[in-house]
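Residues per chain, in single letters:
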Amino acid sequence: MPHKAMKAQCAIAENNYNQELTKLQSQFYQYLESLNGRSDILMKSLQRMNTAQNHEQLKSGFLALADKSRNLFEDGDWEDFINGTKTIEL
């Protein structure tokens, strides 16, 4: 293979590599950003639970941690959990 053709192939490969690297870096930073948002939610929820003055405030803290879109738990489940008569595995 002539030298110019090898140089051209190398330049194409380098360009492809740089594009893929940029894409992966972008995905990585987006992932980190989503984790930062979750850590804020976790900190606020834990603070809410630690400073709760009643069952409703405690329940509000737990609900902030739960996946509300799946609605896995009913109000009675949370009440039983807070009262110590039920175990909830997240």
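All values reported here derive from a predicted model rather than from experimental measurement. (Residues numbered from 1 in each chain as written. Predicted model: local features only at pLDDT ≥ 70, side-chain atom pairs only at ≥ 80, totals over all residues. Heavy atoms only, no water.)

A look at the packing of helix H2 (residues 55–65) against helix H3 (residues 75–82)
- Running from N to C, H2 and H3 point in directions that differ by 115°, and their axes come no closer than 10 Å. Classified by the angle their axes make, H2 and H3 are roughly perpendicular. The handedness of the crossing between H2 and H3 is right-handed. Across from His-55, Glu-56, Leu-58, Lys-59, Phe-62 and Leu-63 in H2, the residues of H3 making contact are Asp-75, Trp-78, Glu-79, Phe-81 and Ile-82.
- Here the contact of H2 with H3 is built from residues that sort into 6 nonpolar, 1 polar and 4 charged. (Axes fitted to C-alpha atoms, helices over the stretch in contact; angles between N-to-C directions. Helix = DSSP H or I, 4+ residues; strand = E, 2+ residues; numbered from the N terminus. Parallel < 35°, antiparallel > 145°, perpendicular 65-115°, else oblique. Left-handed = near helix turned anticlockwise from the far one by under 90°. Contact = heavy atoms within 4.5 Å. Nonpolar A, V, L, I, M, F, W, Y, C, P; charged D, E, K, R; others polar.)

Notes on the pattern of salt bridges
- According to the stated counting rule, one finds 1 salt bridge in the structure shown.
- For Glu-20, the salt bridge is made with Lys-23, and the minimal N-O distance between the two is 3.7 Å. With a gap of 3 residues between them, Glu-20 and Lys-23 both fall in helix H1 (residues 3–50), about one helical turn apart.
- The class of Glu-20 is partly exposed, set by a relative accessible area of 38%.
- By relative accessible area, which is 43% here, Lys-23 ends up partly exposed. (Salt bridge = Lys/Arg side-chain N within 4 Å of Asp/Glu carboxyl O. Buried < 20%, exposed > 50% of the residue type's maximum accessible area, 1.4 Å probe, protein only.)

Some points on the confidence of the model for the protein
- This prediction gives the protein a mean pLDDT of 81; 92% of its residues lie at or above 70.
- Averaged pLDDT values over the elements of the protein bottom out at 78 in H3 and peak at 86 in H1. (pLDDT = per-residue confidence, 0-100.)

Regarding the layout of surface pockets
- Approximately 150 Å³ is the volume attributed to the largest pocket.
- In this structure, the largest pocket is lined by Arg-38, Ile-41, Leu-42, Ala-64, Leu-65 and Ala-66.
- Those elements that provide at least two residues to the lining of the largest pocket are H1 and H2.
- Of the residues forming the lining of the largest pocket, the biggest block, 3 residues, is contributed by H1.
- A per-class count over the lining of the largest pocket returns 5 nonpolar, no polar and 1 charged. (1 Å grid on protein atoms, 1.4 Å probe; cavity = no way out; pocket = protein on both sides within 12 Å on 5 of 7 lines; lining within 4 Å. Points joined across faces, edges and corners; volume = space filled by probe spheres on them.)

Examining H3
- For H3, every residue scored as buried is listed here: Asp-77, Trp-78 and Ile-82. Down the axis of H3, the buried side of the element spans an arc of 130°, and every buried residue falls inside it.
- Positive phi shows up at Gly-84, right after H3, with a value of about 85°. (Arc of directions from axis to C-beta.)

With respect to the nonpolar core
- In this structure, Met-49, Phe-62, Ala-66, Trp-78 and Ile-88 together form the largest nonpolar core, which totals 5 residues.
- Not counting the four nearest positions on each side in its chain, Phe-62 is found in contact with Met-49, Trp-78 and Phe-81. (Core = buried A, V, L, I, M, F, W, Y, C linked by side-chain atoms within 4.5 Å.)

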